[in-house]
Amino acid sequence: MVPSLSRRNFLYLAGLPVVFSSTLPAGVRLLGLSGADPLPGKVAGLTVLNDRPVNAETPPHLLNAEVTPADHLFVRNNGVVPQGLPTGPTTLPDDWTLRIAGEAVPEPVTFTLAELRERFDEHSYQITLECGGNGRSEFNPPARGNQWSTGAVGSPRWTGVRLRDVLEAAGYDREKAVYIGYYGKDTHLSGDPDKIPISRGVPIEKALEDESLIAWALNDAPLPLLNGYPLRLVFGGYPASCSGKWLSEIVVRDQVHDGEKMGGQSYRVPCEPVPPGTTVEDEDMCIILEMPVKSLITSPRTGAVVEAADGLAIAGHAWCGKSAVARLDYSIDFGSTWRSCRLTRPVNRFAWQHFSADVKFPQTGYYEVWARATDEDGTAQPMVLPGWNPRGYLNNACHRIAIKVV
Ligand SMILES: Nc1nc2c(c(=O)[nH]1)N[C@H]1C(S)=C(S)[C@@H](COP(=O)(O)O)O[C@H]1N2
Ligand SMILES: [Mo]
């Protein structure tokens, strides 16, 4: 029997034990207390999935801004947030250190945050971060892990130095380098100091891209604590799990990085598609690289009531890990016909793009508006759930909202 989602995932909710969780009927989802007790540095409207580790997603209508505000950005933690760091608005700790080591670095080198800022050119990019497990809640059979709906994504503006410049200053060996891995200051949930929550990374080619940053600012202010204050990696287009928070060390590896959550079933999908429910051996799983094309309708929120004569202005964002989004279409007849939306160009690579359209409805009644993005290679979002995989990654099915036309 498949255990109930509610019982597996909500034993703790917003810091509280769910007292009668053992009697919660299978299939009944807890309503949650979103809004009652906001996370530090976050608005009240985020949906808190659990608090140990802290995980919270952003409802679509709170992602409507072109640049995601810091207090709206989702939080995905695998361990315990480092203790002793400020939770409120603050300045940067000049003496925070970042060590560069690994097989492809001749000697480990350590930079303070102040040195990083002095020695290297500063760059800012708007970069979309999306958790590889965003949309997991829709998979059937269900996949273990946070039951993200649509909101483990956001696109703020990040400022920092290029990882490439720092690796070059450390004298890394381009011939030897295969992968980079990160280590952060968060600690393992078990409290065991010898265990680390997560240590992932990216292929060296990705690490060397212009937009691959070691960032200390989000929308021109220090990072929120929950999003990695004071220093983190930011890689556009890859699962956000590559973008290490509370960054303290980068290793330049002479092999694919084998840190925590690089192997086994974590952040990996079957190399070949499998029927739903299949058990896949670790050696048949491949690391997720670029994220697929996707979009989100951020206005209006689902359930809006509109007058038939007025029509409806819809808006949202679209993004793709491989290239830019080439077109955005919407349907009000469950995908049987599509019309095109206006779509902006990205402000830079890996920034999300914005779409809008004025929708007319032929008569009163219930409708759904579906949005479908197509990337520059001609690949479109699927209308139904894409390839099932054991851990429920990469759900880029079309987003839809319900509309009542009166
Ligand atoms: N040190 C550290 N870095 C981390 C994580 C973590 O738990 N610890 N979580 C990763 C995952 S799985 C995701 S999706 C993103 C989430 O970034 P955010 O919390 O800033 O939205 O951070 C990544 N970097
Ligand atoms: Mo993630």
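On a predicted model such as this, the values are computed, not experimentally measured, just so you know. (Residues numbered from 1 in each chain as written. Chains lettered and ligands numbered in written order. Predicted model: local features only at pLDDT ≥ 70, side-chain atom pairs only at ≥ 80, totals over all residues. Heavy atoms only, no water.)

Student: In this structure, what is going on with the overall build of the protein? I would like to understand it.
Tutor: When helices and strands are counted, the protein shows 4 helices and 28 strands. Since a compact globule built from 406 residues should have a radius of gyration of about 22 Å, the 21 Å found for the protein is in line with a globular shape. Here the protein holds 406 residues, and the buried ones make up 53% of them. Of the contacts formed within the protein by residues at least 6 apart in sequence, a portion of 70% connects residues at least 24 apart. (Helix = DSSP H or I, 4+ residues; strand = E, 2+ residues; numbered from the N terminus. Rg over C-alpha atoms; globule rule 2.2 N^0.38 Å. Buried < 20%, exposed > 50% of the residue type's maximum accessible area, 1.4 Å probe, protein only. Contact = heavy atoms within 4.5 Å.)

Student: Looking at this structure, how should I read the sheet that holds strand β24 (residues 339-340)?
Tutor: Adjacent strands of a sheet form backbone hydrogen bonds with each other and so pair up, either parallel or antiparallel. The strand order across the open sheet built from 5 strands is β21-β28-β27-β23-β24, with neighbouring strands paired in mixed fashion. Edge positions in the sheet fall to β21 (304-306) and β24, since each has one partner strand and no second. As paired strands, strand β23 (residues 325-331) and β24 are joined by 2 bridges and run antiparallel to one another. Paired with Tyr-330 across the bridge in β24 is Arg-339. (Pairing = 2+ DSSP bridges.)

Student: Please clarify how the environment of Val-251 should be interpreted in this entry.
Tutor: For Val-251, the position within the fold is in strand β17 (residues 247-253). C-alpha of Val-251 to C-alpha of Asn-227: the two residues are 24 residues apart in sequence and 21 Å apart in space. Here Val-251 is in contact with Ala-101, Gly-102, Tyr-179, Ile-180, Gly-181, Tyr-183 and His-257, once residues within four sequence places are set aside.

Student: It is not clear to me how empty space enclosed by the protein should be interpreted in this structure. Could you clarify?
Tutor: Leftover empty space is mapped by rolling, across the atoms, a probe with the size of a water molecule. According to the stated counting rule, one finds 4 cavities of 30 Å³ or more in the structure shown. Its boundaries defined by the atoms lining it, the largest cavity holds a volume of some 240 Å³. Arg-76, Arg-232, Ala-240, Ser-243 and Lys-245 are the residues nearest the centre of the largest cavity, which is lined by 21 residues in total. Sorting the residues of the lining of the largest cavity by element identifies β5 (75-76) and β12 (179-184) as the ones contributing at least two each. Tallied by class, residues from the lining of the largest cavity come to 10 nonpolar, 7 polar and 4 charged. (1 Å grid on protein atoms, 1.4 Å probe; cavity = no way out; pocket = protein on both sides within 12 Å on 5 of 7 lines; lining within 4 Å. Points joined across faces, edges and corners; volume = space filled by probe spheres on them. Nonpolar A, V, L, I, M, F, W, Y, C, P; charged D, E, K, R; others polar.)

Student: Whenever I open this one, the side chain of His-317 confuses me. Can you help?
Tutor: For His-317, the position within the fold is in strand β22 (residues 312-319). Among the polar contacts made by the side chain of His-317, one reaches the side chain of His-354 at a distance of 2.9 Å. The contacts of His-317, once residues within four sequence positions are left out, are Leu-63, Asn-64, Ala-65, Glu-66, Lys-294, Ser-295, Leu-296, Thr-298, Trp-352, Gln-353, His-354 and Phe-355. (Polar contact = N/O pair within 3.5 Å; in protein donor to acceptor, adjacent residues only side chain to side chain.)

Student: What is the right way to read the site of ligand 1 from this model?
Tutor: Near ligand 1 you find 19 residues, and of these Phe-74, Asn-78, Asp-186, Arg-232 and Lys-245 are the closest. In this structure, Asp-186 approaches ligand 1 through a side-chain N or O atom, which is 2.6 Å from a nitrogen atom. Alone, ligand 1 offers 540 Å² of accessible surface; in the complex the protein occludes 100% of this. Most atoms of ligand 1, that is more than half of them, are within 2 Å of grid points of the largest cavity. (Near = heavy atom within 4 Å. Areas by Shrake-Rupley, 256 points an atom, 1.4 Å probe, with all protein chains shown as cover. Sits in = over half its atoms within 2 Å of the grid points.)

Student: In this structure, what is going on with the pairing of strand β6 (residues 97-101)? I would like to understand it.
Tutor: In the case of a regular strand, side chains alternate between the two sheet surfaces. Both β6 and strand β7 (residues 109-112) contribute to a ladder of 4 bridges, which runs antiparallel. Paired with Ile-100 across the two strands is Val-109, which belongs to β7. Bridge count between β6 and β17: 3 bridges; the pairing is parallel. Bridge pairing links Ala-101 to Val-251 in β17.

Student: Please explain the confidence of the model for the protein as it appears in this structure.
Tutor: The predicted coordinates of low-pLDDT regions are not to be read in fine detail. Overall, the prediction assigns the protein a mean pLDDT of 93, with 94% of residues at 70 or greater. Averaged over each element, pLDDT in the protein is lowest for helix α1 (residues 5-9) (43) and highest for strand β16 (residues 232-234) (99). Per-residue pLDDT stays below 50 along residues 1-10; that stretch engages in 24 contacts with residues further than four places along the chain or on separate chains. (pLDDT = per-residue confidence, 0-100.)

Student: Help me out: how do you make sense of the pattern of salt bridges in this one?
Tutor: Pairing between side chains of opposite charge can happen when their charged atoms approach one another. Under the criterion given, the structure shown has 14 salt bridges. One salt bridge connects Arg-349 with Glu-211, and the closest N-O pair in it is separated by 3.2 Å. Linking Arg-349 in the loop between β25 (342-343) and β26 (353-359) with Glu-211 in the loop between α4 (204-207) and β14 (213-218), this pair joins segments that are 138 residues apart in sequence. What makes Glu-211 buried here is its relative accessible area of 9%. What emerges from the salt-bridge pattern is a single network uniting Lys-206, Glu-209, Glu-211 and Arg-349. (Salt bridge = Lys/Arg side-chain N within 4 Å of Asp/Glu carboxyl O.)

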